[in-house]
Amino acid sequence: MPIINISVTGKPDAALSASIAREITEITATQLRKDPTITAVAVFYIDPQHWFAGGKSLAEHGTKTFWLDIKVVDGTNTKLELEAYLKAIFDAFGRLLGGVHEESYAFVHEVPAAAYGYGGKTQEFRFISGRLKAA
């Protein structure tokens, strides 16, 4: 049930947004074991003249970049899974955007289950409810 916010340089492109959402959802399911049916993705576009790396705009660099920000419940993934996820994300954006600046970022927020949820229920509630049903 992660929420994934993605910013990329360039002009809004619905086809690219759909490709990004599809591929990132798949990587998130494969690498982090997150249910793709409840994964939300929002894609935002920023003019490369307004995104800076190393003091120069991405327009000056002549390249593209991304920032991926995902929230997941803490303790649900290992360090090795997170490492593989970050590599897969960087590789995917290289393909999707046609190469990316090295200073492109992905950030996985591990948040407490009691402070995170959807549909008005926390993940902690869902976990406890599931355990009670199993008992």
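Given the structure is predicted, the values throughout are model-derived calculations rather than measurements. (Residues numbered from 1 in each chain as written. Predicted model: local features only at pLDDT ≥ 70, side-chain atom pairs only at ≥ 80, totals over all residues. Heavy atoms only, no water.)

Student: Can you help me understand the nonpolar core in this one?
Tutor: Soluble globular proteins tend to pack their nonpolar side chains together in the buried interior. Counting residues in hydrophobic clusters, the biggest one holds 23 residues, and the most contacted among them are Ile24, Leu68, Tyr85 and Phe93. Within the residue set of this core, elements represented by two or more residues are β1 (3-9), α1 (14-32), β5 (66-73) and α3 (79-97). At eight residues, α3 tops the list of elements feeding residues into this core. Not counting residues up to four positions away in its chain, the partners in contact with Tyr85 are Ile4, Ile24, Ile27, Thr28, Gln31, Leu32, Leu68, Ile70 and Val108. Met1, Val73, Ala113 and Tyr116 belong to the second-largest nonpolar core, a separate cluster that totals five residues. (Core = buried A, V, L, I, M, F, W, Y, C linked by side-chain atoms within 4.5 Å. Buried < 20%, exposed > 50% of the residue type's maximum accessible area, 1.4 Å probe, protein only. Helix = DSSP H or I, 4+ residues; strand = E, 2+ residues; numbered from the N terminus. Contact = heavy atoms within 4.5 Å.)

Student: Whenever I open this one, the pattern of salt bridges confuses me. Can you help?
Tutor: Taken as a whole and judged by the stated rule, the model has four salt bridges. Ionic pairing is found between Asp69 and Lys71, a salt bridge with its closest N-O pair at 3.2 Å. By relative accessible area, Lys71 is classed as partly exposed at 21%. The shortest N-O distance in the salt bridge between Asp91 and Lys87 comes to 2.8 Å. Placement of the pair is Asp91 and Lys87 together in helix α3, with a separation of four residues, close to one helical turn. Looking at Asp91, the relative accessible area reads 34%, which means it is partly exposed. You can call Lys87 exposed: its relative accessible area is 53%. (Salt bridge = Lys/Arg side-chain N within 4 Å of Asp/Glu carboxyl O.)

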